[in-house]
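Observations on the model geometry
Spelled out, the chains give:
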Amino acid sequence: MIRLIFVEDDPGTAERLEHFIHHYFEQRHMEINVASYNNAEDFLAEYRSHCDLLLMDIRLPGMNGMDAAREVRRTDSSVCIIFITSMAQYAVNGYEVNALDFVIKPVSYPQFSMKMDKAIRILEMRKDITLSLPYSGGIRMLPSALVSYIEVQNHDLIVHAGNEEYHTRESLNNMEHRLEGYGFVRISISCLVNMKYISELKGVSVILVDGTELFISRSRKKAVYTTLTEYLGGSI
């Protein structure tokens, strides 16, 4: 189920957005939970980092949408944010909150649908699966969300999850295939990284949230940057 919130003070635009939202997800046979607010203060008072997709009007009574998005980012780094605005120049600072995109008023369905397609592709990449890892004593089940990176060492596959390391004889190519579409990126011939754990791109390496530095092969650098930018939603 997709959890979506939109914040829009204009009744006409809010009604149109709600119609577009339900029509879009009904066409794709996807479940949707929708909540709406007409001001940023009420939205922030109830927000608990439980949203997948946030549609935020920039010009709102009281606190504006850009400041509200900054508050959201204090506690939620993953929600996809799409700004709604009558003038595109108001959305140019969206990179400050890692906004996915913006929609220009009056909102048309083709424009709305295109932005939703982009958001859904990103959300699909963030799904989780359970990995089955064969080892000498049996099979270990491990949620992919716990895996920070996977590397090859001495013909073994080492799966890093928190402070634990799990060894398996599976090939990295096969593991990459299993994790395709679940937020992992191949940075070299011997390393696969969960993008949710990347805190920094630094030259020819990625820095994970725990400080681990992993090197990107020269041949994969462009693809890694492109994939990570798409995963994060890009910037406006």
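As the structure is a prediction and not an experimental result, all values here were calculated from the model.

Some remarks on the overall build of the protein
Along the protein, the regular secondary structure elements total six helices and 15 strands. The C-alpha extent of the protein, read off along each of the three principal axes, is 60 × 40 × 30 Å. Counting over 236 residues, the protein shows a buried share of 45%. Considering only contacts within the protein whose residues lie at least 6 apart along the sequence, 55% involve residues at least 24 apart. For the protein, the computed accessible surface area is about 12,400 Å², with 49% contributed by carbon and sulfur atoms. For the protein, the centre of its 24 positive side-chain charges and the centre of its 31 negative side-chain charges are spaced 7 Å apart.

A closer look at the sheet that holds strand β13 (residues 198-202)
In space, the three strands of this open sheet follow the order β13-β14-β15, with antiparallel pairing throughout. Each end of this open sheet is capped by a strand with a single partner; those strands are β13 and β15 (213-215). Ignoring which end each strand starts from, the neighbouring axes of this sheet average 25° apart. Both strand β14 (residues 205-208) and β15 contribute to a ladder of three bridges, which runs antiparallel. Bridge pairing links S205 to F215 in β15.

Some remarks on helix α1 (residues 11-27)
Note on helix geometry: an α-helix contains 3.6 residues per turn, so any two residues three or four positions apart are oriented the same way. Look at α1: 24 Å from first C-alpha to last across 17 residues, which is about the 24 Å you get at 1.5 Å a residue. Taken together, the buried positions of α1 are T13, A14, L17, F20, I21, Y24 and F25. Looking down the long axis of α1, one finds its buried residues gathered within 130° of arc, a one-sided arrangement. Residues P11, E15, H19 and E26 are exposed on α1 and point more than 90 degrees away from its buried face. Taken together, the buried residues of α1 touch β1 (2-7), β2 (32-37), β3 (53-57), β4 (80-85) and α4 (109-125).

A word on unusual backbone geometry
Each neighbour pair has its own omega, and for K105 with P106 the value is -5°, a cis peptide bond. The residue N154 is not glycine, and still its phi comes out positive at about 50°. For H155, which is not a glycine, the phi torsion comes out positive at approximately 70°. Relative to the helices and strands, H155 is located in the loop between β8 (149-153) and β9 (156-161).

Examining the pattern of salt bridges
On inspection of all chains with the given rule, the structure shows 11 salt bridges. Between D117 and R28 there is a salt bridge; the shortest N-O distance is 3.6 Å. Of the two residues, D117 sits in helix α4 while R28 sits in the loop between α1 and β2, which places them 89 residues apart along the sequence. Assessed through its relative accessible area of 29%, D117 is described here as partly exposed. For R28, a relative accessible area of 31% gives the class partly exposed. D67 is the salt-bridge partner of R70, the closest N and O atoms lying 2.6 Å from each other. On the criterion of helical spacing, the pair formed by R70 and D67 is a turn pair, its members being three residues apart in helix α3 (residues 65-75). With a relative accessible area of 31%, R70 lands in the partly exposed category.

Topic: the pairing of β9
Judged by how many residues are buried, β9 sits mostly within the fold: five of six residues are covered. Relative to β9, β8 runs antiparallel, the two sharing five bridges. Within β9, the residue paired with Q153 across the bridge is D156. If you look at the hairpin formed by β8 and β9, you'll find two residues sitting between the two strands, and N154 has a positive phi there, around 50°.

Some details on the layout of surface pockets
Empty space within the largest pocket amounts to approximately 820 Å³. Surrounding the largest pocket, 36 residues form its lining, S78, L123, R126, K127 and Y231 being those nearest its centre. Every element with two or more residues in the lining of the largest pocket is listed here: β1, α4, β13 and α6 (221-232). Broken down by element, the lining of the largest pocket gets its largest block of residues, four residues, from β13. In the lining of the largest pocket, the residues fall into 16 nonpolar, nine polar and 11 charged.

Criteria and cut-off values
- Residues numbered from 1 in each chain as written.
- Predicted model: local features only at pLDDT ≥ 70, side-chain atom pairs only at ≥ 80, totals over all residues.
- Heavy atoms only, no water.
- Helix = DSSP H or I, 4+ residues; strand = E, 2+ residues; numbered from the N terminus.
- Buried < 20%, exposed > 50% of the residue type's maximum accessible area, 1.4 Å probe, protein only.
- Contact = heavy atoms within 4.5 Å.
- Areas by Shrake-Rupley, 256 points an atom, 1.4 Å probe, with all protein chains shown as cover.
- Lys, Arg positive; Asp, Glu negative; His and termini not counted.
- Charge placed at Lys NZ, Arg CZ, Asp CG, Glu CD.
- Pairing = 2+ DSSP bridges.
- Axes fitted to C-alpha atoms, helices over the stretch in contact; angles between N-to-C directions.
- Expected span 1.5 Å × (residues − 1).
- Arc of directions from axis to C-beta.
- Salt bridge = Lys/Arg side-chain N within 4 Å of Asp/Glu carboxyl O.
- 1 Å grid on protein atoms, 1.4 Å probe; cavity = no way out; pocket = protein on both sides within 12 Å on 5 of 7 lines; lining within 4 Å.
- Points joined across faces, edges and corners; volume = space filled by probe spheres on them.
- Nonpolar A, V, L, I, M, F, W, Y, C, P; charged D, E, K, R; others polar.

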